[in-house]
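Survey of secondary and tertiary structure
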Amino acid sequence: QVHLVESGGGLVQAGGSLRLSCVSSGRTVSTYRMAWFRQAPGKEREFVATSDNFGSTYYGDSVKGRFTISRDNAKNMVYLQMNSLKPEDTAAYYCAARNRPSYFTSRGNDYDYWGQGTQVTVSS
């Protein structure tokens, strides 16, 4: 049993910032590749960012330079710092975990566990 719970979403004006948090239970987050995905109404799920268990990171093209994924293994936490938010960032954001962290993947089906999502809405 692995549970992921996201928090930190909300309504923010364009150009503002939010920090999303994801807490993991069951197994320590240090043993997983962690990732963030998002899905807007009427759109496919989109890869946002990922971090392996040694801290190597990779970002989707649409968020490079604006978003940062980080980990606090001692707290079983992963974060997504979102800066310079745009209306097109509006989506439900999901935390995900993969129990084979060695290789990068942005494919949602490669991840084993998912949180319930937290809504981010960016106004114009």
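Please read these numbers as outputs of a predicted model, since none were measured by experiment. Counting from 1, residues in each chain are numbered in the order their sequence is written. Given that the model is predicted, a residue must reach a pLDDT of at least 70 before its local features are reported, and side-chain atom pairs must reach 80 or more before they are shown or counted; all residues, however, enter totals for whole chains, interfaces and linings. Hydrogens and waters are ignored; side-chain quantities use all the structure's heavy atoms.

1. Considering the pairing of strand S5 (residues 46–51)
We apply this condition: In this scheme, a residue with accessible area under 20% of its type's maximum is buried, one over 50% is exposed, and one in between is partly exposed, where area comes from a 1.4 Å probe on protein chains only. Labels follow the DSSP assignment, with helices taken as runs of H or I lasting at least four residues and strands as runs of E lasting at least two, numbered in each case from the N terminus. When DSSP finds two or more bridges between a pair of strands, those strands are recorded as paired.
Across the six residues that make up S5, a large majority, five, are buried. In this sheet, S5 lies alongside strand S4 (residues 33–39) in antiparallel orientation, the contact comprising five bridges. Bridged to Trp36 within S5 is Ala49. Hairpin connection between S4 and S5: a loop of six residues separates the two successive antiparallel strands, and Gly42 in this loop has a positive phi of roughly 75°. Pairing analysis gives three bridges linking S5 to strand S6 (residues 57–59), with the strands arranged antiparallel. Across the sheet, residue Thr50 finds its bridge partner in S6, namely Tyr58. In sequence, S5 turns back onto S6 through a hairpin of five residues, with Gly55 there showing a positive phi of about 95°.

2. Here we look at the sheet that holds strand S8 (residues 77–82)
Worth spelling out the cut-off: Helix axes are fitted only over the stretch in contact, all axes being lines through C-alpha atoms; the angle between N-to-C directions runs from 0 to 180 degrees.
Ordered in space as S1-S3-S8-S7, the four strands form an open sheet in which the pairing is antiparallel. Each having just a single partner strand, strand S1 (3–7) and strand S7 (67–72) make up the two edges of the open sheet. Neighbour to neighbour, the strand axes of the sheet diverge by 15° on average, direction disregarded. Across six bridges, strand S3 (residues 18–25) lies against S8 in antiparallel orientation. Each bridged residue has a counterpart across the sheet, and for Leu18 the counterpart in S8 is Met82.

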